[in-house]
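Coordinates in review
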Amino acid sequence: CLVGSVMLLLNGSANRDERHFADPDRFDIHRGGAHLSFGQGLHFCLGSALARMQARVVLEEVLKRWPDWEVDYDNAAKAHTASVRGWAKLPVRLG
Ligand code: HEM
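A short tour of the structure in this document, coming up. Here the residue numbers are simple positions, counted from 1 along each chain's written sequence. Where local features are concerned, this predicted model is filtered to residues with pLDDT of at least 70; where side-chain atom pairs are given and counted, the filter is 80 or more; whole-chain, interface and lining totals use all residues. Hydrogen atoms and water are omitted, and side-chain values are computed over all heavy atoms in the structure.

Turning our eyes to something else, we now look at the overall build of the protein. Helix and strand counts for the protein stand at two helices and four strands. Counted from the first residue to the last, the protein has its helices and strands arranged as α-α-β-β-β-β. Both definitions apply: the radius of gyration is a C-alpha atom measure, and the globule rule equals 2.2 Å times residues to the power 0.38. Over its C-alpha atoms the protein spans a radius of gyration of 17 Å, topping by over 25% the 12 Å that the globule rule assigns to 95 residues. Counting only C-alpha atoms and orienting by the principal axes, one finds that the protein spans roughly 60 × 30 × 25 Å. Taken across its 95 residues, the protein has 11% of its residues classed as buried. By definition in these notes, contact holds between two residues if any of their heavy atoms fall within 4.5 Å. Restricting to contacts in the protein with at least 6 residues of sequence separation, those with at least 24 account for 26%. Within the structure as shown, the protein displays about 8200 Å² of accessible surface, and the carbon and sulfur contribution to it stands at 60%. Comment: elements are numbered from the N terminus, with helices defined as DSSP H or I runs of at least four residues and strands as E runs of at least two. Buried, partly exposed and exposed residues are distinguished by accessible area as a fraction of the type maximum, computed with a 1.4 Å probe on protein chains only: under 20%, between the cut-offs, and over 50%, respectively. Per-residue and other accessible areas follow the Shrake-Rupley method at a 1.4 Å probe size, with only the shown protein chains counted as cover for residues.

Here's what the structure looks like:
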């Protein structure tokens, strides 16, 4: 019986579901399709528009200031959480 059970949703894993996304581990900023980063349905993130706008402004400004850069993968570290399959640390070398 599952009544009263604790449920843990692995959003980070769902966002890399190869049954839903082609080449799911490749970073593709233009990737379409319903991802779960902001949740889904009734409790969909209320701040998603603000978060997206902030991310766009940050990326625009940083890339304007430092157009030449490369990721320093030797010193990068993966994040180990249930909700995020991304990076805890992702240093870049600026040109
Ligand atoms: C990249 C940034 C963000 C991510 C990845 C994110 C992610 C999420 C997710 C996954 C949920 C759904 C939680 C659930 O289903 O129980 C959520 C809900 C929510 N988020 Fe965000 N969020 C972000 C930024 C923000 C910001 C900037 C605000 C407010 C200014 C915000 C306000 C909220 C609120 C109020 C809810 C609850 C909505 C509800 O329960 O009806 N979030 N967020």
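Here we come to the site of the ligand. Around the ligand, the neighbouring residues are Ser37, Phe38, Gly39, Leu42, His43, Phe44, Cys45, Leu46, Gly47, Leu50 and Ala51. Polar contacts, as used here, are pairs of N or O atoms within 3.5 Å; protein pairs need one atom able to donate a hydrogen and one able to accept it. Residues neighboring in sequence count only if both atoms are side-chain atoms. His43 places a polar side-chain atom, nitrogen or oxygen, 2.6 Å from an oxygen atom of the ligand. Three residue categories are used. Nonpolar comprises Ala, Val, Leu, Ile, Met, Phe, Trp, Tyr, Cys and Pro, charged comprises Asp, Glu, Lys and Arg, and polar comprises the others, including Gly. The residue inventory of the shell around the ligand, partitioned by class, reads seven nonpolar, four polar and no charged. Any residue with a heavy atom lying within 4 Å of a molecule or strand is counted as near it.

The protein supplies the iron atom of the ligand with one donor atom, Cys45 (SG), which lies at 2.2 Å. Within the secondary structure, Cys45 is located in the loop between α1 (11-14) and α2 (48-65). Because water is not among the atoms used, a metal site may look incomplete, as its donors are only the N, O and S atoms within 2.8 Å, or 3.2 Å for Na, K and Ca.

Patch building starts from residues that exceed 30% relative accessible area and form no salt bridge, then joins like charges within 9 Å and nonpolar side chains (Val, Leu, Ile, Met, Phe, Trp, Tyr) within 5 Å. The salt bridge definition used is simple: a Lys or Arg side-chain nitrogen within 4 Å of an Asp or Glu carboxyl oxygen. Together, Phe27, Ile29, Val58, Leu59, Val62, Leu63, Trp66, Trp69, Val92 and Leu94 line one region of the surface with nonpolar side chains, adding up to about 980 Å² of accessible area. Looking at the nonpolar patch, the elements that each hand over two or more residues are α2 and β4 (92-94). For the nonpolar patch, the element with the highest residue contribution is α2, accounting for four residues. Here Trp66 shows up in the loop between α2 and β1 (69-71).

Any two of the Phe, Tyr and Trp rings considered here, Trp counted by its six-membered ring, make a pair once their centres fall within 6.5 Å; the pair's planes then place it as stacked at under 30 degrees, edge-to-face at over 60, or tilted in between. All chains considered together, the criterion is met by two aromatic pairs. Should the NZ of a Lys or the CZ of an Arg lie within 6 Å of a ring centre and within 35 degrees of the ring normal, that charge is described as sitting over the ring. The lysine or arginine in question, Lys78, covers the ring of Trp87, its NZ or CZ lying 5.2 Å from the ring centre.

Locating Phe44 in the fold gives a position in the loop between α1 and α2. Phe44 sits 24 residues away from His20 along the chain, and the two C-alpha atoms are 20 Å apart. Here Phe44 is in contact with Phe38 and Gly39, once residues within four sequence places are set aside.

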